[in-house]
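Per-entry structural report
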Number of protein chains: 4
Amino acid sequence: MFAKVVRKILILESDLDNTHDTFHRAIRPFIVVGQLFGIFPIAGIFSNNARHVRVDWFSVRVILNLVIIGAGSFNMITEIQRLRTIGISAKNINHLVFLIDACLISTLFLRMATQWQRVAIKWSQVDKIFLSESYRICSWWTLKRKIWFTAGLLLLLACGEHILSIVNTLSDQQHEIRHCGWEQNVTDMFRHFALRKFANVYSYFPYSSYSAGFFMFVSSALTLYWNYLDIFIILLSIAIATRFNQIHKHIQTIAQGVFASNEQFWIRVRSDYVSVCELLDEVDRVVSWIMLISCATNLYFICLQILNVSQKLRYVMNDVYYCFSLLFLIGRTVTMFLCAASIHEAAKKPLDVVTKIPNSGWCVELDRFATQLKSETVALSGMGFFHITRQLLFSMAGTIVTYELVMLKFDRQSEGKGYIRPCSFFEIEKKWLTGK
Amino acid sequence: MFAKVVRKILILESDLDNTHDTFHRAIRPFIVVGQLFGIFPIAGIFSNNARHVRVDWFSVRVILNLVIIGAGSFNMITEIQRLRTIGISAKNINHLVFLIDACLISTLFLRMATQWQRVAIKWSQVDKIFLSESYRICSWWTLKRKIWFTAGLLLLLACGEHILSIVNTLSDQQHEIRHCGWEQNVTDMFRHFALRKFANVYSYFPYSSYSAGFFMFVSSALTLYWNYLDIFIILLSIAIATRFNQIHKHIQTIAQGVFASNEQFWIRVRSDYVSVCELLDEVDRVVSWIMLISCATNLYFICLQILNVSQKLRYVMNDVYYCFSLLFLIGRTVTMFLCAASIHEAAKKPLDVVTKIPNSGWCVELDRFATQLKSETVALSGMGFFHITRQLLFSMAGTIVTYELVMLKFDRQSEGKGYIRPCSFFEIEKKWLTGK
Amino acid sequence: MFAKVVRKILILESDLDNTHDTFHRAIRPFIVVGQLFGIFPIAGIFSNNARHVRVDWFSVRVILNLVIIGAGSFNMITEIQRLRTIGISAKNINHLVFLIDACLISTLFLRMATQWQRVAIKWSQVDKIFLSESYRICSWWTLKRKIWFTAGLLLLLACGEHILSIVNTLSDQQHEIRHCGWEQNVTDMFRHFALRKFANVYSYFPYSSYSAGFFMFVSSALTLYWNYLDIFIILLSIAIATRFNQIHKHIQTIAQGVFASNEQFWIRVRSDYVSVCELLDEVDRVVSWIMLISCATNLYFICLQILNVSQKLRYVMNDVYYCFSLLFLIGRTVTMFLCAASIHEAAKKPLDVVTKIPNSGWCVELDRFATQLKSETVALSGMGFFHITRQLLFSMAGTIVTYELVMLKFDRQSEGKGYIRPCSFFEIEKKWLTGK
Amino acid sequence: MFAKVVRKILILESDLDNTHDTFHRAIRPFIVVGQLFGIFPIAGIFSNNARHVRVDWFSVRVILNLVIIGAGSFNMITEIQRLRTIGISAKNINHLVFLIDACLISTLFLRMATQWQRVAIKWSQVDKIFLSESYRICSWWTLKRKIWFTAGLLLLLACGEHILSIVNTLSDQQHEIRHCGWEQNVTDMFRHFALRKFANVYSYFPYSSYSAGFFMFVSSALTLYWNYLDIFIILLSIAIATRFNQIHKHIQTIAQGVFASNEQFWIRVRSDYVSVCELLDEVDRVVSWIMLISCATNLYFICLQILNVSQKLRYVMNDVYYCFSLLFLIGRTVTMFLCAASIHEAAKKPLDVVTKIPNSGWCVELDRFATQLKSETVALSGMGFFHITRQLLFSMAGTIVTYELVMLKFDRQSEGKGYIRPCSFFEIEKKWLTGK
């Protein structure tokens, strides 16, 4: 089956020319990568007919998805148990938040998968319009290349961040082992690592290397989900903004040309513009929940990492990891916001062209088009609570300062709580096992 | 009289078909429930003629209303006296705020009742338009069913919250009785409960089971008022949003049809749209004060309950009650905001249809309609200070964080104040009775 | 001269009928009261020709104005000296702020007086339009009566506040005299009062009852200025809002009538509307500085009085005074904002009428009028930094919470500073006299 | 070469009459001054042909620029080293921020220089339009005089601030020398000054008077950059706002005249208006980064200087310097904002004229012009994150309060850190030299 998948990707992608530069072909490998880790389990992605996109409830995809959600939830419950034992502080709650978040994201993507068919159909209609002769743009930088490059780069960085996180944990454990004189106790490094990292889980049943491997996979998957969410929004935004830009380029060429554009031309342009707006509405309706979750999650983790970085860390490795993690987080969040905001900007651009059209070419249709461009807020929104524009990013930055203040206050109040005495690991493990 | 009321409700409601699906018929049972607890004492609600709606100053309804306001005010004064004796803290002031709030709400509803006739007449005119053949929507989910379901569910939850609050108080008292060794002193549990709960009142005259029953009723009524306020706004919003949605559906059907709509059609649609806007203006003018009070109250109590929940509570029952109460409060407030904001959204929807109308069907009237849809902010407002849209809810959430910070500061400053030493109940009671 | 003034007011005002209900006649007594205390020294207010309004640099009015500014500045300098001796705290700086503020207000009114002629001319033109037959409104509640009533009520309350402030100071001094056993030292109560109240001034030259009387007058004048500022803005706002309301009433009558309004009618209405907008622009340009000062001052003093009230006060008299003062302050500020915001609302009202005009009466002029009503922000502004609408009042309330937090922080930091040991008054006085 | 430059400025500038009042001639001396300190190294500024503007990578200008950036970066790295030794506090981090900032500004100006040709060409086109007969304004206050006066005044004040800063440092050192009894050690005052001021640098190699002179020059240059940035934006804004004002004056004259303006006239006006808008877009795209940096820098340093001023300073000289510096900083920032905001205001002004045009002269072109004036936000923007209008300045002021609170918190947390024991200078120097 693996060979089949690879062949499908290789063969189908290779015949890509400009006329087949659709969004669904471009995003296909990204969805495949996600499905390997059990997220967004839609079937029919290799078909060229958007109507074949569906959720196959008894497929491996969905089962993997549900298994990981299940394992994540189990992790979550044992983590709650652990926190009840050692107490909650501003910092040690973050693992629980991460778990809840990842399970929520996976569930929301499952829900979105059930609604994806409608979006896919609408999208293929829009793609058909914009791959036609009149809108074609001959540039090396096709939609497919843009999406592959962005997704590839961000996934690479996310991998780097995850590996660095593991290295950081290993380094901390090495220091602890040396400090506490556990060198004799710890023979199997992997076993020790897994026992510590999944301490909450292994309080409930004995260790086995299979289960350790499984939980490592689940943990990686959950980390991916979080990145997947942001990258997914970025890719959507790039694709939609590209379509608006094509309209802009198209009318720019005409407006600068010598032959006057007639009303028929503008009727077609406005109808195409409305099509992209409808697609955006459709997408917005479907992604609104994950948009909200993405904003909230990024806001929370940026505040948390600033809190971590602003305090004196013990080892150089910690400094390196937390700084890289914070920078990656900020970079990814800003990229997401700028990409999402670029839809708004691309949708406003045609106004510049319309403004310059001389009086002789003015017609009722142009008047309607101009009014529409001026007054409508064409942008992704978080369930209608806010529109994602550049101004929002600016006010988001102000919000982070406020929430950082709240977090610092909570951190000071919870000082001393949730603190584990050094070298007390094995005792704590015993405590959990005995249940009190 | 009771039988008469029930019969009226049963008979009149049973003949409901779509042509009689008016707002005033739908809201009738909700108003009756309110009047049993002495709020919103309008007469003539069983008549089908909106001109019969009036306030009958010498009716039982109004007298009950005034009696409860009187009892509430007396409660309020004795509570102020109690706070002067024991000192004010961020937490024990909440009962006073609740009493002031409830009396204010009841007074504002009485004032609104005197202005309701004009609203009722306007509403029946609008209902007439939208129950006509052209706007009729054949759906099981009629306005009456929507309103009955929403009101029923929220009233049930409010009852649950009130009962849980009493159970919580009882549980606290049980723990106290056991802790202080009062088992011999306390023989009549109801008497003890009433004496403690209305300690402020019973400092001024001796206990009797009749007066205890009366104050229990007053206390329940005041609790209801607060819920009544929010539910009332929710029901109003649902009814108005439904009318805007009917316009949307109506023009959507026409716009998708093959036969072109002429200017006469749009003249009628715009005039109907203006009618609903006028109704909204009328309603907005009348409910603006209770809208403001509702926002302020919900903001305050959410902050207070977060403060309560964020601190270590003594018993499990307290945890259960405060969590449920906070969730119910947030749920109710969010529902209210989303319903009120749905008016704004429903009023904007026709724009999507108008945008898609082809050039051939464009006319001056459509141009006016489009401009009106784009530029006017059709929404409920808190006296013009703010318009209730989804964006407001978002900025409200930010405000809660700021006020929570202020409240935490005040809570820390007032620490130790307003604290009653355990087992000192009877002494305090004596102290009040002696007046020093 | 006094008799002449009174006669002029009595005679000229008595012949007021609706055709003479101009703003400058209505505001005349208010300006006279101000000039008795040396503020806004414009000459020619008794003439009916707006061109006679001017500043007469060598008149008694201007000289009185300059004398009081001079005395206020001297007061200010000695107060700075006093604060350098005893130290600055969040609370004792308020007298200095008050002095700077009052001198600034007086200077700004003097500057405004030099620009008033242009405003007066424009205003008399607008008044002429709106007192003509077509706009006349037969109501008992004329502009003159509105302005007299508002100004009278607010001036009365301001007097009350000032007297209460003096009573409060006297009561504090009585308590201090009794507490410190100064009964023998203090024989002349007025002398003691003046010496304490103007301690900063009397550190520099010996006491005399004439100078004490003079400084009492200056102090009263400065207190008046602050109220004068707010009342002046309120009166301006009422007058302009009245004109916008006349337009609304005028077109409402026409729009409901049976005979269709022709384009000529709308050309005249729009031109009148533009005239009032031009007047508003003129006024806005002239009052922008005092508008800014008024907002900043009210914000500061509301925060300060909340700080004062929120802390435990020593005597009942203090509680009474500070509560009344805070309530008066909030009441005056809210009134000012609501009046200023009412311009914005009155200017938007004609839109409701224009929306309802049927298609048959629609014309290009109406289209221009509708667009203008929708898109322009017709409102008073604080130098273009903000427009005064109801929404601003709402966000102002939020700002007060933030600034209150800053003030509380500064109050805690400056605790113990600027504190004068009880009964140390005569020593301190000596210290100032010796200069160290 | 120097003589050549001076002659070029003198001769070319002297023949300025109104027809040659272009932006690039006016700004020429300012650019020359900047290039003497190695910033904005564009060549071809003496040519009248905008196409000659370019960056000459192997010219003295660019080399000087790069040398200073290099020296600044070296300074930066040694400062980081110094801070790692003594610890970071809210106050001693400011020198590092200043260095990073200055190097960033210089780099951004270099980047901007490479894009300047396009702006220059567009600008000379616009200037050509507005220096033609119809737009000519005969006023003594030409664009050149406005720009020279503003730039001269601000540069003078900046020089004053820099000199005062040096005097302040010298005075501190004098006090320290006297206090620690170093009179014998310190013989060469300049050497001591340089050693202390560039302590971070001289930890790495021995002192020489040449290098001290060089670092003094670099330090002055970096200080200039910061002022240069703000003044540059101010000059740009004045030039663009002047063009918008010319349009306003032009149509005002016509609109008040007796002869009716025909559609041809408005076609030309609107096309000129669009030209200035296009120029603004071009400029905005190029300066957006330095705009952002300017806002952030000014915000940070205002907060820092308020922090400095709000605390007890040791000597009178410090008080004088910090107060002057804070006032200059606020003054410069407010000027920059008001100038940048004046573009927005000047661009809106024509609306007043258009509103008053009578119905008879109304045409489609005027309708388009009016709509454009109403709905577009014509203003400089910080990369689209915010538009610079007067409202922004207002909300900026609110932001400063919030950030000041954060800074105070950080200052209190870092108390005691980064503190150098008095008279320990030589020891510290030794410590750095020994590297630990």
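To start, this report covers the structure provided alongside it. The model shown is predicted, which means the values in this text are computed figures rather than measured ones.

Okay, unusual backbone geometry next. Positive phi, normally seen in glycine, also occurs at Met383(B), with a value near 55°. As for its placement among the helices and strands, Met383(B) is situated in the loop between α12 (364–375) and α13 (390–413).

A separate point is the interface of chain A and chain B. With 22 residues of chain A at the interface, the matching set in chain B holds 19 residues. Counting each side, the surface lost to burial between chain A and chain B is near 1800 Å², with a carbon and sulfur contribution of 57%. The largest share of the area that chain A buries against chain B comes from Arg368(A), Phe385(A) and Lys409(A), three residues that together contribute 33% of it. Applying the counting criterion to the chain A and chain B interface returns one salt bridge.

Right, let's get into the relation of the copies chain A and chain B. Mapping chain A onto chain B leaves a residual RMSD of 0.0 Å; the transformation is a rotation of 90° accompanied by 0.0 Å of translation along its axis. Taken together, the turn and the small shift mark the pair as related by a four-fold rotation axis. The two copies present different faces, since only 5% of the interface residues in chain A are matched by interface residues at the equivalent positions in chain B.

Okay, the relation of the copies chain D and chain C next. Once chain D has been moved 0.0 Å along the axis and rotated by 90°, it coincides with chain C to within an RMSD of 0.0 Å. Little of the interface of chain D is mirrored in chain C, where only 5% of its interface residues are also at the interface.

Trp116(A), Trp116(B), Trp116(C) and Trp116(D) are the most contacted members of the largest nonpolar core, which has 448 residues in total. One finds Leu195(A), Val201(A), Tyr202(A) and Met216(A) within the second-largest nonpolar core, a separate group that totals ten residues.

Counting residues at the interface gives 19 residues for chain D and 22 residues for chain C. With both sides pooled, the region where chain D packs onto chain C buries about 1800 Å², and carbon together with sulfur makes up 57% of that total. Along the contact surface separating chain D from chain C lie one salt bridge. Residues Lys356(D) and Glu278(C) are paired through a salt bridge, measuring 3.1 Å at the closest nitrogen-oxygen approach. Counting across the chain D and chain C interface gives six residue pairs in polar contact (both at pLDDT 80 or more). Counting only elements with at least two residues in the side of chain D that touches chain C, the list comes to α11 (350–356) and α13 (390–413) of chain D. Among the elements that line the side of chain D that touches chain C, the one with the most residues is α13(D), at nine residues. Residue composition of the side of chain D that touches chain C, by class: nine nonpolar, four polar and six charged.

Parameters at a glance
Residues numbered from 1 in each chain as written. Chains lettered and ligands numbered in written order. Predicted model: local features only at pLDDT ≥ 70, side-chain atom pairs only at ≥ 80, totals over all residues. Heavy atoms only, no water. Helix = DSSP H or I, 4+ residues; strand = E, 2+ residues; numbered from the N terminus. Contact = heavy atoms within 4.5 Å. Buried area = accessible area lost by both parts, 1.4 Å probe. Salt bridge = Lys/Arg side-chain N within 4 Å of Asp/Glu carboxyl O. Least-squares fit on C-alpha atoms with pLDDT ≥ 70 in both. Core = buried A, V, L, I, M, F, W, Y, C linked by side-chain atoms within 4.5 Å. Buried < 20%, exposed > 50% of the residue type's maximum accessible area, 1.4 Å probe, protein only. Polar contact = N/O pair within 3.5 Å; in protein donor to acceptor, adjacent residues only side chain to side chain. Nonpolar A, V, L, I, M, F, W, Y, C, P; charged D, E, K, R; others polar.

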